[in-house]
Amino acid sequence: VEGPSRDRWGVWVSGEAPIKDTHSGRTIAVFGIDIAADIWAQQVSDSRWFGIGISALIISLTAMFGGALYIQGRRREAQEQLGAIVESSNSSIIGGDRDGNCTSWNIGAERIYGYSAREMIGHPVATLVPAERLGELQDQITEVLSGGEVVNFETVRIRKDGRAIDV
């Protein structure tokens, strides 16, 4: 591409491309074209804006993806920190599923009740509640499943070692 060049007919940008023989690779002709410089400038400008737009889109998507990864990393750190706090707490913190089975059991629950996490996870939380108080436990589970708050559930329970405890 050469130009713009001025002659008596106007201002032009000229382009030339060799035409090669496919067998020998020799140039057998040259294709040339002249384009009015103002049209060429408009086409270059239009192409530039397309490239700038695509680049801006890629930069935006990269920034959004990077931001999402950053937020995800921060959440993971917060969850790990919260997990460490729960796990090391001396208070009994027990997680359960919709069916009333134990899904998590911290060291505080182990100390208080005498059961290890391995012994309790997957088993009914009701194991820890006297039979006459099971209705209250079910009421609390229903309340939590409907979006209510977890309330401390104080009861007397016999530990694994046979001692009666207030919890």
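Relevant structure appears above.
Residues numbered from 1 in each chain as written. Predicted model: local features only at pLDDT ≥ 70, side-chain atom pairs only at ≥ 80, totals over all residues. Heavy atoms only, no water.

Spatially, three strands are ordered β1-β2-β3 in an open sheet, and the strand pairing comes out antiparallel. If you trace the sheet from one side to the other, it starts and ends with β1 (2-7) and β3 (27-36), each paired once. Within the sheet, the average angular offset between the axes of one strand and its neighbour, ignoring direction, is 35°. Taken together, the nine bridges between strand β2 (residues 10-20) and β3 define a ladder with antiparallel strand orientation. The residue bridging P18 from the neighbouring strand is V30, located in β3. (Pairing = 2+ DSSP bridges. Helix = DSSP H or I, 4+ residues; strand = E, 2+ residues; numbered from the N terminus. Axes fitted to C-alpha atoms, helices over the stretch in contact; angles between N-to-C directions.)

Our focus in this paragraph is the nonpolar core. Inside soluble globular proteins, nonpolar side chains tend to come together where they are buried. Of all hydrophobic cores here, the largest spans eight residues; its members are C102, W105, A109, Y113, Y115, M120, V125 and L128. Mapped onto this core, the elements with two or more residues apiece are β5 (102-105) and α2 (107-113). If sequence neighbours within four positions are ignored, V125 has contacts with I94, G100, N101, C102 and L137. (Core = buried A, V, L, I, M, F, W, Y, C linked by side-chain atoms within 4.5 Å. Buried < 20%, exposed > 50% of the residue type's maximum accessible area, 1.4 Å probe, protein only. Contact = heavy atoms within 4.5 Å.)

The omega torsion of the bond from G3 to P4 falls at 5°, within 30 degrees of zero and hence cis. Following the sequence through the fold, P4 ends up in strand β1.

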